[in-house]
Amino acid sequence: MQLIADHPEVVRRAVAASAAYTLGPVARRAQLNMLQSLETTGRFAAEELVDGLVHRRWLRAALRPPLRIASRWIRVENPTDTMAMIKAEDGFDVRSRLEGIQTETLVICGAKDGFWPLEMFAETAYRMPHGRLIMYPELGHSLVTSPKFVADVVTFLNNQEGSSRAG
């Protein structure tokens, strides 16, 4: 999103997969908690990702403790790059610039993505003049592993016709 907002001349078509104009509230909280863990302990707090990746509350509760334990062995040798990326993503917000983005953009998401409210995906696509939204009702944040995702992205990128309006 930042690339097509800042340098639209280098991208003819873009795909924003499981992403919107800024971080969703769950994604923001998870990343800031991971940042704090990296800064204070050097530990990658994998348990922070559970709320956005797992739809069922009971399963999130069951997964948090083993992930917290497993994270003790996940050390980021030089966390500087990871911390810089998290800080950059936390400050990223192109909502006010969406109307000016002329790049044909496919916003593609899963309805079970816990990191973003679905309205943020829809607003991202709708506000761009050449935005289009595909939402998979049965998928979550890891939709990039779905054959449907691959097929829809290839179709969109190969499309030689004009863009379509989000709807």
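What comes next concerns the included structure.

With that out of the way, let us pick up the packing of aromatic side chains. Given two aromatic rings, their pairing is described by the distance between the two centres and the angle made by the two planes. Summed over all chains, the structure comprises 2 aromatic pairs. On the numbers, 6.3 Å between centres and 75° between planes, the contact of phenylalanine 115 with tryptophan 116 is edge-to-face. Among the residues examined, phenylalanine 115 registers a relative accessible area of 6% and is labelled buried. With a relative accessible area of 10%, tryptophan 116 lands in the buried category. For the ring pair tryptophan 116 and phenylalanine 121, a centre distance of 5.9 Å and an interplane angle of 40° mean the geometry is tilted. With relative accessibility at 0%, the residue phenylalanine 121 sits in the buried group. Here a set of aromatic residues connected by ring pairs shows up, and it is made of Phe115, Trp116 and Phe121.

Let's shift gears to the sheet that holds strand S3 (residues 131-136). Read from one edge to the other, the open sheet built from 3 strands follows the order S1-S2-S3, with strand pairing classed as parallel. Taken across any chain shown, the strands that pair with only one partner, and hence form the sheet edges, are strand S1 (13-17) and S3. Direction aside, the axes of adjacent strands within the sheet are offset by 15° on average. Of the pairings in the sheet, the one linking S1 to strand S2 (residues 104-110) comprises 5 bridges and is parallel in character. When the bridges of S2 are listed, alanine 14 appears paired with threonine 105.

With that settled, consider the nonpolar core. Formed by 25 residues in total, the largest nonpolar core has its most connected members in Met1 and Trp116. Mapped onto this core, the elements with two or more residues apiece are helix H1 (2-6), S1, helix H2 (25-41), S2 and helix H6 (118-127). Excluding residues that lie within four positions of it along the chain, tryptophan 116 makes contacts with Ser18, Ala19, Ala20, Thr22, Leu23, Gly24, Ala27, Phe121 and His141. Judged by nonpolar contacts, the second largest core, of 9 residues, contains Leu139, Leu143, Phe149 and Phe156.

Parameters and conventions
Residues numbered from 1 in each chain as written. Predicted model: local features only at pLDDT ≥ 70, side-chain atom pairs only at ≥ 80, totals over all residues. Heavy atoms only, no water. Phe/Tyr/Trp six-rings, centres within 6.5 Å; stacked < 30°, edge-to-face > 60°. Buried < 20%, exposed > 50% of the residue type's maximum accessible area, 1.4 Å probe, protein only. Pairing = 2+ DSSP bridges. Helix = DSSP H or I, 4+ residues; strand = E, 2+ residues; numbered from the N terminus. Axes fitted to C-alpha atoms, helices over the stretch in contact; angles between N-to-C directions. Core = buried A, V, L, I, M, F, W, Y, C linked by side-chain atoms within 4.5 Å. Contact = heavy atoms within 4.5 Å.

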